[in-house]
Amino acid sequence: MPNLEAWAPRVLSLLRIIAALLFMEHGLMKLFHFPAPQPGAPDPLPMMLLAAAWIEVIGGGLLALGLFTRLAAFVCSGQMAAAYFIAHASQGFWPALNGGEPAILFCFVFFYLVFAGGGAWSLDAMRRGRRRRL
């Protein structure tokens, strides 16, 4: 299926946008209880969860837009790695049993974006295109 390869930059952008919006939702739930409060999150949030929530909202927003994609993805990937080892790994070895599957998945999707960039539909790609024309 050689025609599928032509779509890879666009599908990369879709992966980035959807993952970023889902990631942002976690921060919005922690900070603003939108669309609902984060299940199990203490109120008020401890400093570590407050920092995580802002990374989720700001980093997720940057990733959704495809702006500073590689840097934002690196920070978000690191946050998810830390979240897994702090909150989930101590609950048992198996991610399906310790609730850590989303953290691992976010971590590696964002880690991939560090190397792949934002794809065709990103502000980073628009900025690169402008620089080439100048």
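Residues numbered from 1 in each chain as written. Predicted model: local features only at pLDDT ≥ 70, side-chain atom pairs only at ≥ 80, totals over all residues. Heavy atoms only, no water.

### Points about the packing of helix 3 (residues 69-88) against helix 5 (residues 101-116)
For any two helices packed against each other, the geometry comes down to the angle between their axes and how far apart the axes lie. Using the following cut-off: Note on method: axes are straight lines fitted to C-alpha atoms, helices fitted across the in-contact stretch only, with angles between N-to-C directions ranging 0 to 180 degrees. Helix and strand labels come from DSSP, where a helix needs a run of H or I of at least four residues and a strand needs a run of E of at least two; each type is numbered from the N terminus. Here is the rule for angles: anything less than 35 degrees is roughly parallel, anything more than 145 is roughly antiparallel, 65 through 115 is roughly perpendicular, and the remaining ranges are oblique. In this scheme the handedness of a crossing depends on how the near helix is turned from the far one: anticlockwise by less than a right angle means left-handed, clockwise means right-handed. Contacts were defined at the residue level, with two residues in contact if any of their heavy atoms lie within 4.5 Å. Charged means Asp, Glu, Lys or Arg here, nonpolar means Ala, Val, Leu, Ile, Met, Phe, Trp, Tyr, Cys or Pro, and polar covers whatever is left, Gly included.
Where helix 3 meets helix 5, the axes come as close as 8 Å, and the angle between the chain directions of the two elements is 155 degrees. If you check the angle between helix 3 and helix 5, you find them roughly antiparallel. Handedness of the crossing formed by helix 3 with helix 5: left-handed. Contacts between helix 3 and helix 5 involve Thr 69, Arg 70, Ala 73, Phe 74, Cys 76, Ser 77, Met 80, Ala 81, Tyr 84 and His 88 on the former and, on the latter, Ala 103, Ile 104, Phe 106, Cys 107, Phe 110, Phe 111, Leu 113, Val 114, Phe 115 and Ala 116. Classifying every residue of the contact of helix 3 with helix 5 by side-chain character gives 16 nonpolar, three polar and one charged.

### With respect to the packing of helix 2 (residues 47-65) against helix 3
Direction vectors running N to C along helix 2 and helix 3 enclose 145 degrees, while the axes themselves pass 9 Å from each other. Helix-helix and strand crossings are classified by hand; for helix 2 and helix 3 the assignment is left-handed. Between helix 2 and helix 3, the contacting residues are Met 48, Ala 52, Ile 55, Glu 56, Gly 59, Gly 60, Leu 62 and Leu 63 on the first element and Thr 69, Ala 72, Ala 73, Val 75, Cys 76, Gln 79, Met 80 and Ile 86 on the second.

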